[in-house]
Amino acid sequence: MPTYNLTINGKNYPVEAAAQTPLLWVLRDLLGMTGTKYGCGIAQCGACTVHFNGSPVRSCSVAVSAASRAKITTVEGLSPDNGHPVQKAWIAEQVPQCGYCQSGQMMAAAALLRTNPNPADEDITVALQGHICRCGTYTRIHKAVKTAAEIMRQG
Amino acid sequence: MYQEIPNKEESSESGLSRRKFMRLSGLTTAALTVGYYFKAFGNDTVAEILTGEGAEKMGVELTAWIAVDKNGKVILYNHRSEMGQGSFQSVPQILAEELEVNLEDVRVEFAQGYQGRYGSQITGGSSTIRSAYKLLLKSGATAREMLIEAAAVNWGVSKADCYASGGQVFHKPSGKKMAYGDLVEKASKITPPKEVALKARKDYKLIGQSLPRLDNPAKLNGTAIFGLDKTVPGMLIAMVERNPRFMGKVKSFDATAALAVQGVKEVFKVTMPVFAFTREGVAVVATDTYACMQARKVLKIEWDDSGFEHLDTEGLFKRMAADLDKEGNTVKEKGGFAEIWQQGGEKLEATYRTPYESHSCMEPLNCVAHWQEDKIQVWGPIQGPDWVQSDLAERYKLKPEAVEVNMTFLGGGFGRKAFVDYTTEAVEISKKIKSPVKVVWSREDDMTQGPFRPGALYRCSAVLSGGKIKGLQARMAGQNMDLQNSPKFKPDAPNASMMEGLCENYLEQIPHYRFSDVPTQSPIPVMWWRSVYSSTNDFAFESFMDEMAHAAGKDPMAFRMEHINDKRVRAMITKLAEISGWDKRQKGSGFGMAIADCFGSFTGQVVQLQKDENGVPRIKKVFAVIDCGWYVNPDIIRAQVEGSIQMGFGAAVVHETHFSDGKAVEQNFDTYQMPRIGDIPEIEVHIMENEEEAGGAGEPALPPFAPALCNALFDLTGKRIRNLPFMLEDV
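We now turn to the structure provided with this report. (Residues numbered from 1 in each chain as written. Chains lettered and ligands numbered in written order. Predicted model: local features only at pLDDT ≥ 70, side-chain atom pairs only at ≥ 80, totals over all residues.)

## Here we look at the environment of Ala552(B)
Residue and element names in this part refer to chain B.
Point 1. Examined against the element boundaries, alanine 552 turns out to sit in the loop between α15 (534–551) and α16 (556–562).
Point 2. Here alanine 552 falls in the buried class, since 21 other C-beta atoms lie within 10 Å of it.
Point 3. Residues alanine 552 and glycine 467, 85 residues apart in the sequence, show an inter-C-alpha distance of 4.8 Å.
Point 4. Ignoring any residue separated from it by four or fewer positions in sequence, one finds alanine 552 in contact with Leu464, Gly467 and Phe559. (Helix = DSSP H or I, 4+ residues; strand = E, 2+ residues; numbered from the N terminus. Buried ≥ 20, exposed ≤ 12 C-beta atoms within 10 Å, placed from the backbone. Contact = placed C-beta atoms within 7 Å.)

## Some points on helix α9 (residues 313–323) of chain B
Residues and elements named next belong to chain B.
Point 1. For α9, the complete set of buried residues consists of Leu316, Phe317 and Met320. In an axial view of α9, the angular spread of the buried residues amounts to 90°, which keeps them on one side of the axis. Residues of α9 that are exposed and angled more than 90 degrees away from the buried face: Glu314 and Lys318.
Point 2. Elements that come into contact with the buried residues of α9 comprise β15 (346–354), β20 (456–465), β21 (468–478) and β26 (659–660). (Arc of directions from axis to C-beta.)

## Digging into the sheet that holds strand β14 (residues 329–334) of chain B
All names here are of chain B.
Point 1. Here 5 strands make up an open sheet; going across it, the order is β14-β22-β21-β20-β15 and the pairing mixed. What marks the edges here is a single partner per strand, and that holds for β14 and β15. Pairs of neighbouring strands in the sheet enclose a mean axial angle of 10°, with direction left out of account.
Point 2. Two strands pair when backbone bridges link them, and β14 and strand β22 (residues 512–519) are joined in this way by 5 bridges, in the antiparallel orientation. Its bridge partner being in β22, asparagine 329 is matched across the sheet by aspartate 517.
Point 3. α9 contacts β15, β20, β21 and β22 of the sheet and is inclined by roughly 35° relative to β20.
Point 4. Each of β15, β20 and β21 is contacted by α15, which is oriented at about 150° to β15, the strand it contacts most. (Pairing = 2+ DSSP bridges. Axes fitted to C-alpha atoms, helices over the stretch in contact; angles between N-to-C directions.)

## A short note on the nonpolar core
Residues and elements named next belong to chain B.
Point 1. Leu147, Ala238 and Val284 are the most contacted members of the largest nonpolar core, which totals 270 residues.
Point 2. Element by element, the count of residues in this core is highest for helix α4 (residues 128–155), at 12 residues.
Point 3. Among residues more than four places away in sequence, those in contact with alanine 238 are Ala283, Val284, Val285, Cys292, Ile429, Val437 and Val439. (Core = buried A, V, L, I, M, F, W, Y, C linked by C-beta atoms within 7 Å.)

## Quick notes on the interface of chain B and chain A
Point 1. If you look at the interface, chain B gives 45 residues, while chain A gives 48 residues.
Point 2. Going through the elements one at a time, α6 (216–220), α8 (289–297) and α18 (634–653) of chain B are the ones with two or more residues in the side of chain B that touches chain A.
Point 3. Split by residue class, the side of chain B that touches chain A holds 20 nonpolar, 15 polar and 10 charged. (Nonpolar A, V, L, I, M, F, W, Y, C, P; charged D, E, K, R; others polar.)

## Re unusual backbone geometry
Point 1. Here the amide bond leading from Gly450(B) into Pro451(B) is cis, since omega sits at -5°, within 30 degrees of zero.
Point 2. Mapped onto the elements, Pro451(B) comes out in the loop between α13 (443–448) and β20.
Point 3. With omega at -10°, the peptide bond leading from Leu724(B) into Pro725(B) counts as cis.
Point 4. Among the secondary structure elements, Pro725(B) is positioned in the segment after α19 (705–717).
Point 5. Although it is not a glycine, Asn9(A) adopts a positive phi angle of roughly 50°.
Point 6. Structurally, Asn9(A) is set in the loop between β1 (3–8) and β2 (11–16).
Point 7. The exposure class assigned to Asn9(A) is partly exposed, which follows from the 17 C-beta atoms found within 10 Å.
Point 8. A positive phi is found at Ala43(A), a non-glycine position, where the angle reads about 60°.

## So, the pairing of strand β24 (residues 601–611) of chain B
All names here are of chain B.
Point 1. Of all 11 residues in β24, 9 are buried; the element is thus mostly enclosed.
Point 2. Alignment of strand β23 (residues 589–598) against β24, held across 10 bridges, turns out to be antiparallel. Its bridge partner being in β24, phenylalanine 591 is matched across the sheet by glutamine 608.
Point 3. Between β23 and β24, which follow one another and run antiparallel, lie 2 residues, and phenylalanine 599 among them has a positive phi close to 45°.
Point 4. Bridging between β24 and strand β25 (residues 617–627) involves 10 bridges; their strand directions are antiparallel. Across the sheet, lysine 611 pairs through a bridge with proline 617, a residue of β25.
Point 5. If you look at the hairpin formed by β24 and β25, you'll find 5 residues sitting between the two strands, and glycine 615 has a positive phi there, around 85°.

## Concerning the sheet that holds strand β6 (residues 162–165) of chain B
Residues and elements named next belong to chain B.
Point 1. The 3 strands are arranged β6-β7-β8 in an open sheet whose pairing can be described as antiparallel. Edge positions in the open sheet fall to β6 and β8 (177–179), since each of these has one partner strand only. Between one strand axis and the next, the sheet turns through 20° on average, direction left out of account.
Point 2. The strands touched by α4 within the sheet are β6, β7 (168–171) and β8, with β6 carrying the most contacts at an inclination of about 130°.
Point 3. Taken strand by strand, helix α5 (residues 180–187) contacts β7 and β8, and its axis lies near 80° from that of β8.

Below, the structure is given as structure tokens:
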């Protein structure tokens, strides 16, 4: 099997995997980074969202061969001590219930706020429409994105 | 704080002695452990408070909820599963209140599953707080009193002059203080007091506060371990291609191509018990998940689908419709409904339909199992750890203590993870390969294998007289969940659950009523789904209340009030009117209400609708009231009400599981659509304050949503919706 050099959260990880192996399973099974979640495998739920050169992508639908050319950021790379404004906002609004979908939700929110630091309601809806939460934390997610923007503004 | 429980060390000793218990918990030598000993399993009336030391002397095992070691380290145990509903916060919040420790100073761990030791551990029926809060309060207070006594003896002062706060005991007159850690050795020798004084509610420092959840930090940086994240040394991964029909079998299979996939180790047939039946499939064991997925694609399996019906959705509902014409099993009756119906008068009748649904937890099912000759270890997202333990002990003829059941966090549960099918299948596979294994379900497996929430039909009939209900009949036709669960249930036994959700206080004022059920026969696997029967029953009951109110020419809220005496329910409805502005509502806005009595709590909701620029009705706001009596953490309760409404929204206007040729049609989120962030309206939640006993919070707010929505649609458009799900665009 070929070896790929992945750049994840600023570190280099050589992995041996079949070219078509989804990045999701490389992260989870081969590298033990389990913060990125499997939810559907067909890019419908958003639980596996990571940043690919800063843009949110569904890691279940990105082959490892394509990922080797990019800078990948996972939820572990947001901030291990929950210091990222999105993580702070998620605590402030007490968003998580079961928490399973929240890595993906937060990765989407972080990507949105980087390009749009002052998102309107509609912007939030569009950016997070691809993310399913079965517990029903949507109202809090919406509020938390605004709170995160506020935290970012205050520096 | 949260940290994952370390893998327990290998040991074939039976039982969990205090010393071993301490070792497992990572405590230093001397520790005060306080908990209960249930002489009769599950019967809390004979629970006796013991220390670890006392339990060891008696040769019994302790239900430990609290452990304090010599260094003052406090571990509080959550005996229930954490699937989002907040037990990981609320159980410690209760314990810490009476123990007098700061929550930031404690570590919370999941207790292991142990049949009966913690009373029931099955995390269902919104029961965690309401079933255990008194025991938890007493546990905390008992440990506190023992620590105070130890300090008083040490100082040679009166216990009455001492008090505890923040993990320390203080002597009021002198200002002396001692930390709990320095007291545990003495305290652990004290016989626990039989009676302890509990705090008055006004003196609570933690209970009643919206404290931030202790599990949240780990859920935001990728460190929380869900079942799917769990690994143990030497573990392989398995997936199973199961027969898509519940009762189907494996006739033959060809594993040649599957075995050629790199990483694949073994392929074999496996059977999984589901209630009183078994499900057959072919297991693929490999070094990683993706290899299993690839191998499944090239597996060649011939199924044997003979000997049972292959139903489709319309066939199922036709059968229910035929059943609806039968008398059925009488669940509850008073007076003579049949006679007054014959006599005529102002009569009303309506039929309601509710769909089959998938649980679709965001974390698909999975389980890590390690079968060994004399013991079994299981880790996973498990709602009923004590059930898993007793199931495996019985199945593999082991003592319960030889079956170790460890709960991880659950990525949703909603009832699905309370069954013991997926855990047993994992143990079967581990036994076959003689290695620890994680069995992973794909989304498609999770969504198509069920068990499903059963759909049901309801026929409601009423005779009105003088603007009030003179007679009411409700009949449900649908699959009875109990019938598949165990052969001890019989189809002619009334299914009392068909009245769940109904505010039974209505019945006091109704002279003639009859409730009955007709169990529809079907091989589709069905089981509990958030709020269980209430999730469908209440749609029929509360929609029909609205229809009766309109037929009687009454305001729907006033009509309900005229049929309710209970002060508690009346107070809740009054509050609902107040927060929703019910009496001041104006034309152009649709208002609908519904109430429910579910798992020890009363809930009520008002849905406010408005037409958008295209004339499509849109939900402007949902007003929700919950009366769950004594409560712990109001923010968690609000979150549960919000979540219940969003899940109820999905089942009302977004998704439905269909069947075709005996198989589930919707396989993933592309067809089994989910509510999305942009669909969800503003939700306002109000929690009632009173002196009532604790009720449930995780489920009771789901049932009223669908009827409140449809009642609001009638108010706005004059169109009555009796079949779920429906599209708002179609109204």
